[in-house]
Amino acid sequence: MEFLLASGIGVVTAAGVYLMLRGRTFPVVLGLSMFGYAVNVFIFVMGRLWFNANPILVGEGAVADPLPQALVLTAIVIGFATTGLVIELALRSRHESGSDHVDGQEPGGRER
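Throughout what follows, the structure given in this document is the object of discussion. Along each chain, the written sequence defines residue order, and numbers are assigned to residues from 1. Owing to the predicted nature of the model, reporting of local features is limited to residues with pLDDT of at least 70; listing and counting of side-chain atom pairs is limited to 80 or more, with chain, interface and lining totals taken over all residues. The side-chain figures draw on all heavy atoms in the structure; neither hydrogens nor water molecules are used.

## A word on the side chain of Thr-25
Mapping Thr-25 onto the fold places it in helix α2 (residues 25-46). The residues touching Thr-25, leaving out its near neighbours within four places in the chain, are Ala-90, Asp-100, His-101 and Val-102. Strands are runs of DSSP state E lasting at least two residues, helices are runs of H or I lasting at least four, and both sets are numbered from the N terminus onward. Residue contacts are defined here by distance: any two heavy atoms, one from each residue, within 4.5 Å place the two residues in contact.

## Remarks on the packing of α2 against helix α3 (residues 67-97)
Note on geometry: axes are lines fitted to C-alpha atoms, helical ones only across the stretch in contact, with angles between N-to-C directions running from 0 to 180 degrees. Where α2 contacts α3, the two axes come as close as 9 Å, and the packing angle between them is 175°. Between α2 and α3, the angle is such that the two are roughly antiparallel. Contact with α2, carried on its side by Thr-25, Val-29, Leu-32, Ser-33, Asn-40, Ile-43 and Phe-44, involves Pro-68, Gln-69, Leu-71, Val-72, Ala-75, Ile-76, Thr-83, Val-86, Ile-87 and Ala-90 of α3 and no other residues of that element. Across the contact of α2 with α3, the residue classes tally to 12 nonpolar, 5 polar and no charged. Just so you know how the angles are binned, under 35 degrees is roughly parallel, over 145 roughly antiparallel, 65 to 115 roughly perpendicular, and the rest oblique. Each residue is assigned to one class: nonpolar for Ala, Val, Leu, Ile, Met, Phe, Trp, Tyr, Cys and Pro, charged for Asp, Glu, Lys and Arg, and polar for all the others, Gly among them.

## So, the environment of Phe-44
With respect to the helices and strands, the residue Phe-44 is situated in helix α2. Accessible area is worked out with a 1.4 Å probe on protein chains only. A residue is then buried under 20% of its type maximum, exposed over 50%, and partly exposed in between. Overall, Phe-44 belongs to the partly exposed group, its relative accessible area being 44%. When the C-alpha atoms of Phe-44 and Pro-55 are compared, they prove to be 14 Å apart, with 11 residues separating the residues in sequence. In this structure Phe-44 touches Pro-68, Gln-69 and Val-72, once residues within four positions along its chain are discounted.

What follows is the structure, given as structure tokens:
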């Protein structure tokens, strides 16, 4: 199970980095979101994978750590707000420059 989660986190991270290196704003926003999801799953997995563990202390037995869950919940809210901000900045950049390329110019020097 650990190998499957580690492989999944690696694939999502690689896809996020690949998309962040693209020249258009929409793939960059998708890449940032995917990278954020990979970080959230990584933080969640750092709390260990518990099977048949109580979420709170109730007598004897294993207890799951609630701290990674709280951190991931906070990170999801912050990531949603950040994604909204980046989308707004991308739309504003498209409106101002007339291009959705990240540096504001089309490849080859063509302007619209």
